[in-house]
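# Examining the three-dimensional arrangement
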Amino acid sequence: MAFAPDQIVASFRHRFPRAGTPSLYRAPGRVNLIGEHTDYNLGFVLPIALDMACYAAVASTDTGKLRVFSEDFDEEFEIDLNSVSDAKPAGKWWDYVVGVARELERSGIAILSSDMLVKSEVPLGSGLSSSAALEIASAVALLGGQPIKPLDLALLGQRAESQFVGMPCGIMDQYASVFGHAGAAIKIDCRSLDHEYVGLPDNVQVIAVNSMVKHELGTSAYRERVAECQAAVKALQEFDSSIESLRDVSMSFFVEVQERVPPVPRQRARHIISDTQRVVDFAAAARAKDLKEMGKLFVASHRSMQFDYEISCEEIDFLVDTAIGIPGVYGARMTGGGFGGCTVNLLAPDGVDSFRRTIAEAYEARYGKTPLFYDCKPAEGAGPVSAESAA
Ligand code: ADP
Ligand code: MG
């Protein structure tokens, strides 16, 4: 359920009693339906923006500083405005905000002296992209209504994360947070940076299940995968020098030459090439309202992540395997960067209650942890929260 805007405004006033009336902005998290790790390989992805968002309340001040308080960490950070351009990452949550401020400055947008409070409904570190929600919420708050092209907004959020925070991410998360659309998934072409909206059939419900585990491998394994994909591209260039990324490689070409690609990059490439094709096929199946086919593609994508890309983990595989045995479930797969976080499930709306019960019981019995469930209704992208609703 969405936070009440007046509560966030009240929290802001409590935290920053000397600041003026704040403006309020929100930026959503996302659940990726299919196409995992394909974004930095310039392929396709198909996320939906969630109605869980990060909120940023902001008011200008005369302190010459940017002060940011995270309600979720109960911690405040401040930086002198003169220091933003040569700030160094601290390995802390505020790196995302400072990275965004630095990117705004680099684009010629002045950061005003301000107090900001952030608070998120997106679970942190669960693969639903609380990081992009924080970046984009901070960016729109710091912009304070100054115009920016939506694509530039997404790109500067991505640069903040990849160049300042140090996570070599693709464009999906920030793009989804900016371009989210109620009622539709977003099929993003990560090379051209164009998108089309893909409506989902009415008679399907998308539920994310949070495994409540996050294995520490996360960032280092992500870097490894990026490097392994580059190694695959290098090996494939021996056969066709026009190949610039795995996006340029068709499955039929890959099958012909794969024996000459070293084994690990070969596996990684097979996942990327097949998952990019699955995005295209899934979007077509969604348009044709072919739920069975959508479900099959989900499971194939999961197996590809499990065995070829090797980014799943025991708890996630258990959630997927349990889910696909439940009547009314069309398909299930891990979503997000990997090594824990959430699964995403496609199911018949009247099967939701028994799905939740069965999954919770099985997961608790096996791992002693209670999973959380999120109803993933596609929502609008980032923007101001209207004054009426904040009143
Ligand atoms: P995900 O994006 O899947 O949630 P990440 O590891 O990419 O996982 O990002 C999570 C990190 O983003 C948190 O550890 C924290 O540093 C930062 N973050 C996200 N939301 C907030 C918030 N509301 N307040 C402070 N930091 C946040
Ligand atoms: Mg993230």
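Notes on the structure follow. (Residues numbered from 1 in each chain as written. Chains lettered and ligands numbered in written order. Predicted model: local features only at pLDDT ≥ 70, side-chain atom pairs only at ≥ 80, totals over all residues. Heavy atoms only, no water.)

### Details of the sheet that holds strand β8 (residues 194–199)
Applied cut-off: Whether two strands pair comes down to DSSP finding at least two bridges between them. Working definition: helices are DSSP H or I runs of at least four residues, strands are E runs of at least two. Numbering for both runs from the N terminus. Note on contacts: a residue pair qualifies if any of its non-hydrogen atoms lie within 4.5 Å across the two residues. For helices, the axis comes from a line fit to the C-alpha atoms of the stretch in contact; other axes are also lines fit to C-alpha atoms, and the angle between any two N-to-C directions lies between 0 and 180 degrees.
Reading across from one edge, β2-β7-β8 is the order of the three strands in this open sheet, with antiparallel pairing throughout. What marks the edges here is a single partner per strand, and that holds for β2 (44–45) and β8. Of the strand pairs in this sheet, β2 and strand β7 (residues 184–189) are connected by two bridges, and their pairing is antiparallel. Within the sheet, the bridge partner assigned to valine 45 lies in β7 and is isoleucine 188. Those strands touched by helix α5 (residues 172–179) are β2, β7 and β8, and its axis lies near 135 degrees from that of β7. Of the strands in this sheet, β2, β7 and β8 are in contact with helix α8 (residues 263–287), which crosses β8 at around 40 degrees.

### Side note on the site of ligand 1
Filter applied, for reference: The cutoff for a nearby residue is simple: one of its non-hydrogen atoms must lie within 4 Å of the molecule or strand. N or O atoms within 3.5 Å of each other form a polar contact, as long as, within protein, one can give a hydrogen and the other can take it, and as long as residues adjacent in sequence are counted only when both atoms are side-chain atoms. The accessible surface values rely on the Shrake-Rupley method and a 1.4 Å probe; as for residues, cover is taken only from the protein chains in view.
If you check the shell around ligand 1, you find 17 residues, and the closest are Ser70, Asp72, Gly125, Ser130 and Ser131. The separation between a nitrogen atom of ligand 1 and a polar side-chain atom of serine 70 is 2.8 Å. The separation between an oxygen atom of ligand 1 and a polar main-chain atom of glycine 125 is 2.8 Å. Relative to its unbound accessible surface of 570 Å², ligand 1 loses 80% to contact with the protein. At the level of secondary structure, the elements contributing two or more residues to the shell around ligand 1 comprise β6 (114–120) and α3 (130–143). Looking at the shell around ligand 1, the element that brings in the most residues is α3, giving three residues.

### Remarks on helix α10 (residues 314–323)
Applicable threshold: Exposure is judged per residue with a 1.4 Å probe applied to protein chains only, and the accessible area is read against the type maximum: over 50% gives exposed, under 20% gives buried, and values in between give partly exposed.
Burial analysis of α10 places eight of its 10 residues in the buried class, which makes it a mostly covered element. Of the positions making up α10, those classed as buried are Glu315, Ile316, Asp317, Phe318, Leu319, Val320, Thr322 and Ala323.

### With respect to the packing of helix α2 (residues 95–106) against helix α4 (residues 150–165)
Packed helices, taken two at a time, are described by the angle their axes make and the gap between the axes. What counts here: Crossings are classed by handedness, with left-handed meaning an anticlockwise turn of the near helix from the far one by less than a right angle and right-handed meaning a clockwise turn. Side-chain classes are defined by residue name, with Ala, Val, Leu, Ile, Met, Phe, Trp, Tyr, Cys and Pro counting as nonpolar, Asp, Glu, Lys and Arg as charged, and the others, Gly among them, as polar.
It is the contact of α2 with α4, at a shortest axis distance of 8 Å, that shows an interaxial angle of 120 degrees. Between α2 and α4 lies a crossing whose hand is right-handed. Contacts between α2 and α4 involve Asp95, Tyr96, Val98, Gly99, Val100, Arg102, Glu103, Leu104 and Arg106 on the former and, on the latter, Leu156, Arg159, Ala160, Glu161, Gln163, Phe164 and Val165. When grouped by side-chain class, the residues that make up the contact of α2 with α4 number eight nonpolar, two polar and six charged.

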